[in-house]
Structures are given as C-alpha cells and as structure tokens.
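# Geometric and topological summary
If you want the building blocks of each chain, they are given just below.
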Amino acid sequence: MNGAEWGVLLGGMTLIVLINWYFFFSTGEGAVAAVASTGVAEVPIVVKGGYSPATVRVPRGARVRLVFDRQEESSCSEEVVFPDFGVRRFLPAHEKTVVELTPNKAGSYGFTCGMSMLRGTLVVEDSAT
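The present account deals with the structure reproduced in this document. Treat the numbers as computed from the prediction; the structure is a model and nothing was measured.

Take a nonpolar patch on the surface next. Together, Met 1, Trp 6, Leu 9 and Met 13 make up an exposed nonpolar region whose accessible area comes to about 480 Å². On the secondary structure map, Met 13 appears in helix H1 (residues 3-24).

Take a look at the structure:
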C-alpha cells in the first residue's frame, strides 16, 4: 500500500467510528422538565435529523407531556416509539404531536424513531436526585 491508500483507509475508519458514536453513544443536549402547578411536566422536542433535546429528565410519578415538533419530511422520523411504555405515535410533518406518559419507576428509558435510527432518552429521577 502506498501513502494515499493508507490515508483513504485511515479516513474511512475514522468516519465509521464517528458515525457509530453519533448514532449509538452521543447523548446530545439535555433538558430538565419542571412540574407546573397543573402537575404536568411539559417538554418541547424538535424533530429534525434527530431529537433536540435528545435527553429529557423528568421527576418520577409526574405526568409528562412531550410535545414533538416535527420540522422535516424525512420518512425516518415519522414515528416515535417508547418501547418500555408500549407507545408508538405517528408524527405528521410540520405539526406538533403530544405524547403523555406517567413514569412511575426511576431509570432511563429510550425512545426512537420507527426505524431506530433517531434516538433519545427519557431519564426518570426520584425527587431527591
């Protein structure tokens, strides 16, 4: 192999590592949901090439209202799935869709698009943490 071939090989391997990190290990920015006087913790989530914020922290036992604002037409993002809560919801393009949950157990719960390419995490925390 000559120097150019080694460079192409190293560049390709670097891109593979970065793509895997982005899809499987990056956590993105996070948001902490505060419970309003109505007893509901509402969090807006923009859907555009991913979820923003990708990590949402909510208190255990609170009614959580996640407002997905899908700002694209990519078929990958047309659904959101919360497998631990048995929720699968269609997200119309350029519209807001509400998903309400009441997580009663602390822990981390993933949510994805219908193809499992876009990923987010709902972190349910005890009040003291």
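Having seen the model, we can carry on.
Here the focus is the nonpolar core. If you look at the biggest cluster of nonpolar residues, it comprises 24 residues, and the most contacted ones within it are Ile 45, Tyr 51, Leu 66, Phe 68, Val 80 and Phe 82. Elements with a contribution of two residues or more to this core: strand E2 (40-47), strand E4 (55-59), strand E5 (63-70), strand E6 (79-82), strand E8 (96-101), strand E9 (107-113) and strand E10 (119-125). With four residues, E2 is the largest single contributor of residues to this core. Leaving out residues up to four positions away in the same chain, Phe 82 has contacts with Leu 66, Phe 68, Val 87, Val 99, Leu 101, Gly 110 and Phe 111.

Two orientations exist for strands paired in a sheet by backbone hydrogen bonds: parallel and antiparallel. The mixed open sheet is built from six strands, whose spatial order is E1-E4-E10-E9-E6-E7. With one partner strand each, in any of the chains shown, strand E1 (30-32) and strand E7 (87-90) form the two edges of the open sheet. Within the sheet, the average angular offset between the axes of one strand and its neighbour, ignoring direction, is 20 degrees. Bridge analysis of E1 against E4 gives three bridges, and the strand direction is parallel. Residue pairing across strands places Gly 30 opposite Thr 55, the latter belonging to E4.

About the criteria used
- Residues numbered from 1 in each chain as written.
- Predicted model: local features only at pLDDT ≥ 70, side-chain atom pairs only at ≥ 80, totals over all residues.
- Heavy atoms only, no water.
- Patch = residues over 30% accessible without salt bridge, like charges linked within 9 Å, V, L, I, M, F, W, Y side chains within 5 Å.
- Areas by Shrake-Rupley, 256 points an atom, 1.4 Å probe, with all protein chains shown as cover.
- Salt bridge = Lys/Arg side-chain N within 4 Å of Asp/Glu carboxyl O.
- Helix = DSSP H or I, 4+ residues; strand = E, 2+ residues; numbered from the N terminus.
- Core = buried A, V, L, I, M, F, W, Y, C linked by side-chain atoms within 4.5 Å.
- Buried < 20%, exposed > 50% of the residue type's maximum accessible area, 1.4 Å probe, protein only.
- Contact = heavy atoms within 4.5 Å.
- Pairing = 2+ DSSP bridges.
- Axes fitted to C-alpha atoms, helices over the stretch in contact; angles between N-to-C directions.

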